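Spelled out from the first residue to the last, the chains are:
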Amino acid sequence: MKYLLSLPIFFALSFLNAQSGIVKGTISNATNNKPIEFAKIQVIDQQKGATSLDNGSYEISGLKPGVYSFKASASGFKDLIMNEITVTNARSVELDFPMEEIIKEKSEVTVKAAPFTRKVESPVSLKTLNSTEIERLPGANRDVSKVIAALPGVASRATFRNDIIIRGGSPGENKFYLDGIEVPNINHFATQGSSGGPVGLLNVNFIREVDFYSGAFPSNRANALSSVLAFKQKDGNPDALITNFALGSSDAALTFDGPLSKKADFIFSVRRSYLQFLFAALKLPFLPTYNDFQYKVNYKINTKNKISFIGLGALDQFKLNAKVNESIDMSDSTTRDFNNYIINNLPIQNQWNYTIGVNYSHFSKHSIQNVVVSRNMLNNRAYRYRGLVEVADSLLQDYSSFEAENKLRFEHTYNKNGWRVNAGVGYEYARYYNSTYNNITVQGSPVLIDFSSNLFMSKFAVFGQVNRSLMDERINLSLGLRSDVNNYSKLMMNPLEQLSPSLSASYRITPQWAINANIARYHQLPSYTILGYRNASGELANKDFAKYIRADHYVLGGEYLTKTNSRFTLEGFYKKYDRYPFSVKDSLCLANIGSDFGVVGNEEIRSTSQGRSYGLEFLYQQKLFKGFYAVLAYTYVRSEFQDKNSVYVPTAWDSRNIISLTGGKRFKKGWEVGFRWLYSGGSPYTPTDVSNSALIQNWEINGFAFPDYSQLNTQRESSFHQLNIRVDKKIFLEKFSLNFYLDVQNAYGYKAILAPIYLAVTDASGNFVVDPNDSGRYLLKEVKNASGIVQPTIGIIVEFAAKKTKK
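Residues numbered from 1 in each chain as written. Predicted model: local features only at pLDDT ≥ 70, side-chain atom pairs only at ≥ 80, totals over all residues. Heavy atoms only, no water.

Our focus in this paragraph is the pattern of salt bridges. Tallying each qualifying case throughout the model produces 42 salt bridges. The closest approach of N and O atoms between R271 and D292, which form a salt bridge, is 2.8 Å. Note that R271 is positioned in strand β20 (residues 264–273) and D292 in strand β21 (residues 286–302), a separation of 21 residues in sequence. For the salt bridge of K585 with D586, the shortest nitrogen-to-oxygen distance reads 2.8 Å. Connected via shared salt-bridge partners are E182, E405, K407, E428 and K459. (Salt bridge = Lys/Arg side-chain N within 4 Å of Asp/Glu carboxyl O. Helix = DSSP H or I, 4+ residues; strand = E, 2+ residues; numbered from the N terminus.)

On the surface, V373, L408, Y427, Y429, F456 and F460 cluster together into a nonpolar patch covering about 540 Å² of accessible area. Here Y429 lies in strand β26 (residues 419–442). (Patch = residues over 30% accessible without salt bridge, like charges linked within 9 Å, V, L, I, M, F, W, Y side chains within 5 Å. Areas by Shrake-Rupley, 256 points an atom, 1.4 Å probe, with all protein chains shown as cover.)

All right, on to the packing of aromatic side chains then. For the structure shown, the criterion picks out 25 aromatic pairs. Ring geometry for Y427 versus F460: centroids 5.3 Å apart, planes at 50°, classification tilted. Here F460 lies in strand β27 (residues 445–470) and Y427 lies in strand β26, a separation of 33 residues in the sequence. A residue is classified by how much of its surface remains accessible, and Y427, at 34% relative accessible area, is partly exposed. For the ring pair F736 and F800, a centre distance of 6.2 Å and an interplane angle of 20° mean the geometry is stacked. Of this pair, F736 sits in strand β42 (residues 736–745) while F800 sits in strand β47 (residues 791–801), placing them 64 residues apart in sequence. A relative accessible area of 24% places F736 in the partly exposed class. Members of the aromatic cluster, connected to one another through ring pairs, are W513, Y560, F568, F618 and Y620. The side chain of R221 reaches across the aromatic face of Y177, ending 4.6 Å from its centre. Here K665 stacks its cationic end above the ring of F667, 4.8 Å away from the centre of that ring. (Phe/Tyr/Trp six-rings, centres within 6.5 Å; stacked < 30°, edge-to-face > 60°. Buried < 20%, exposed > 50% of the residue type's maximum accessible area, 1.4 Å probe, protein only. Lys NZ or Arg CZ within 6 Å of the ring centre and 35° of its normal.)

Turning our attention to the side chain of E209. Position of E209 among the secondary structure elements: in strand β16 (residues 207–213). What makes E209 buried here is its relative accessible area of 17%.

Once that is clear, we can look at empty space enclosed by the protein. Any empty space left between atoms is shown by rolling a water-sized probe over those atoms. Applying the stated rule across the entire model yields six cavities of 30 Å³ or more. In this model, the second largest cavity occupies a volume close to 170 Å³. Forming the walls of the second largest cavity are L129, E133, R136, L137, V147, A150, L151, Q622, Y629, A630, V631 and T662. Broken down by secondary-structure element, the contributors of at least two residues to the lining of the second largest cavity are α2 (131–136) and β35 (628–642). Per-element tally for the lining of the second largest cavity: the top contributor is β35, with three residues. (1 Å grid on protein atoms, 1.4 Å probe; cavity = no way out; pocket = protein on both sides within 12 Å on 5 of 7 lines; lining within 4 Å. Points joined across faces, edges and corners; volume = space filled by probe spheres on them.)

A few words on unusual backbone geometry. At M471, a position not held by glycine, the phi torsion is positive, near 50°. Its location among the elements puts M471 in the loop between β27 and β28 (475–486).

On to the nonpolar core, then. In summary, soluble globular proteins display a tendency toward joint burial of nonpolar side chains. Counting residues in hydrophobic clusters, the biggest one holds 32 residues, and the most contacted among them are I134 and F231. Of all the secondary structure elements, the ones that give two or more residues to this core are α3 (144–147), β12 (174–178), β13 (181–183), β16, β17 (227–233) and β22 (305–320). Formed by 22 residues, the second largest nonpolar core is a distinct cluster that contains V23, A50, A74 and M82. (Core = buried A, V, L, I, M, F, W, Y, C linked by side-chain atoms within 4.5 Å.)

Taking strand neighbours across the sheet as the criterion, the five strands line up as β9-β16-β17-β12-β13 in an open arrangement whose pairing is mixed. If you trace the sheet from one side to the other, it starts and ends with β9 (126–130) and β13, each paired once. Sheet twist, expressed as the average angle between the axes of neighbouring strands with direction ignored, equals 25°. Direction of pairing for β12 relative to β13: antiparallel, over a ladder of three bridges. Across the sheet, the residue bridging to F176 is V183, located in β13. (Pairing = 2+ DSSP bridges. Axes fitted to C-alpha atoms, helices over the stretch in contact; angles between N-to-C directions.)

For P152, the position within the fold is in the loop between α3 and β10 (154–155). Along the sequence, P152 and K234 sit 82 residues apart, while their C-alpha atoms lie 26 Å from each other. The residues touching P152, leaving out its near neighbours within four places in the chain, are K127, F212, E617, F618, L619, A633 and T635. (Contact = heavy atoms within 4.5 Å.)

Tracing the backbone through its elements, the reader meets D654 in the loop between β36 (648–650) and β37 (656–666). Residue classification places D654 among the buried positions, given a relative accessible area of 0%. Among the polar contacts made by the side chain of D654, one reaches the side chain of R656 at a distance of 2.6 Å. Excluding anything up to four places from it in sequence, D654 contacts V637, R638, S639, G682, P684 and R716. (Polar contact = N/O pair within 3.5 Å; in protein donor to acceptor, adjacent residues only side chain to side chain.)

In C-alpha cells, the structure reads:
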C-alpha cells in the first residue's frame, strides 16, 4: 500500500529537472573526416545552438526532454538537417554531422538544407526513417520489419508474418545490410530460401536510421531484385553506462550501452520471448519461443581511422501444443479438428543463426577506404511424425540444413570537384549442407525424396559507381556497373551474363520541384536450397539449368518539397523478370512461393520463367511540424508471371491497391497519440484439388489438401484493412526516463477471409471418416478461414544512466 501512495509523488517528480537534456557530437568533412571549426549548430524553432571548436566538437545543453530537429551550417559546406531527434534526461545524445563540400559557390547561388535524404545514385525509390519514426509507429510494437509496411510499394497481408513484399516482388527478393554488413534475414523463424518470418530480429534500440530502396540500388549492394534495406546503428553512449529495459507484446529486452575507454564504446542487448505462455493461455496448437542477441563495438583509432564490430544472432524453437484439445469443449468439433490439423501437419522446428562482422574505415585527403569482413550462418532443423509418434515407421519429414558464408569486401570512395567515384571488389566462400527425407505426393502419386548434399562455392564481384553534379547541382547523374560470378557452374562463371548496369538522373527545376529517373538491371543468385538439391543419382539436379535471376527496372518520378517539412512524390515503375526458377514438380514459377514457414526451392527447377510487375506510387510525408506528423502512401501494382502455358497470370503478391495512412500528434507533458490505417487488395490464391487430396494414400502422407495448379491463382482472398492506435506517456526524471504505451492492433476487429482450409472429418474416436460414396477417399469438409482479432498491448520502457564514467 505504501508503494501505491508514493506513486503521485513519483509522477510529480517527473516535471522536475525538466531541462537537463544534452546533445553533442562532432562536425566533420564527410569526405575525409577532418573536423570543421566554427560550424553553427542550431536547434530548429528554438533559441538554442552552439559553435564547433577546433576539433569539430560541440555541445548544446539545457534542453527540455522532447523531440527536436537540428541544422548545421559551415562556410563552404552544404547545410545539413537532422530531423526528429529524441532528447531525454537519461542520456546525452551523440549527434554527428558529416557535411558535404559545396562544389561551386557563386554569390547568387544558395544551397539550402533539405529535410529529406537525397542521394545522387538513388534519386527515386529511396525513403529514410529515423529511430523516432520507427519507435512511435502504431501497430508495429517496435518491430522494424513491420515499420517498413508504412512505406509506398509495400503490401500488408492478413497474417502474423513479416513478409516484405515490395512492388509485387516475392519476399525472397530483398537484401539487408547492417552498418554495411550483409545480414541474410532480419526475422525469427526464417523461411529458408526466402526472407520472411513472424517476428523481427533487430532490436529497435540499436537503429539510428534505415534507408529503404525499392529501386535504384547502389552498385555496391548485391543480390537484390525488389529492395535493399540499409540499417545504420547507433553508437554506444560515450559518457556513462545506460540501461534500457523494454517489455512489449511478445518479449522482454535488456540493452546496455556506454563507454569502454576514451576511444571505444559499446551497445549490447538480449531478448527473450514469452509467446509460448501467451499462446498456451489462448489455447493455440503451437508454441513458439525465440531468443536473440545483438551488439556493436566502436573503436575510433584517430580522426583518420575507425573500426566497428557487430554481431547479431537468434535461437528459435517451435513446439506443438499436443494437449491443447484437452481444454476445448467436446461440442466444438471444428476447433478440435483444426487443432488436430495443425498438430499433425506443422513440423517441429529448431533454428539458429548469427552474423558477425568487422567494418574498417580509413579517411584520406579526398577519399575513404572501407574493408568489410563478415561471417553468417543459418542452421535449420524440421521434422514431422505421423500422429506425433516418434518412431521410424511414422517419420514423414526430416529436414536438416545449414548455410555458412564468409565474406570480404573492399571499397574505395573518391570525392573531388563534383565527382564521386565508388569502386570495389568482393569475395565470398560459402558452404551449404542439406539432408532431406520427405514423403510427398506429386500429381496425385506418393513420392519419397531422400538425399544429402554438401556444396562449396566461391563467389566473386566487381562494382563501380560514378556520380557527377552539374549546373550548381541542379542536374545529378550517376552511372553504375556490377558483375557477379561463382564457380557453381560454367553458366555462372561468365561475367557478361551477370552484367548489371544502372543509370540515374535528376533535374531540379526549382528548389521545390524535381524530375527523377532510373533504369537498371539487377541479378540475384538462386537460393542455396535450389543450388544444393540433388536427384536420385546423387547429382546436383540444377547445375546445368540454374542461372542468376534477372530483373530490369524502369522508374520515372517527380518530387515537390514544401516549406513545412513535407514532400509529395509520384513514381511510375516497371519491372521485367527473366530466368526465374520454374518448379518441375509443380509446373509453376517459384515467384509465387515464400510466405509460409518451411523451405523454398528444395527441388528440381528450370531457369525459364518470365514475369512483370508495374504500377504507380504516391507518397505524402510530413516530418514533425508544430507537433504533427503524417505519412500517406498509395500504390497501384500489378504482378504477373507466366504459367506453364506461357500465359501471364497474377502472382500471389498481386495486391493491386495498397494504402497506408499514418498520423499523430505530440502533446505537452510527454503525451503522444498516433494512428495507422492499412489497406491491401485481396491476394490471389490457387483453389484446392479436393478430389486428389482426399485420396487415402495422399492424405496419410500429406495430412492436408494441396493446390490444383491447373487453376493457378484464379481465386482471391478478401481485401485486408485494419486500424492501429497507439498512446504514449513519457515521464522524465534526472538520469531516468519511463515510457508507458498502449498499442491496439486492428482496433475495430476486422476479419479478412483467406483461402479456405479443408479438414478430414473424424468420428467420435478421432479416426478419419471414409467417404461413403468412395471407399478410396476420406470425407473432407471445408472450413472458413478468417484472420483478424483485436490485439491490445500495454508496454513499458525504462531507461536510466549510471554515474558518469571518468575518462
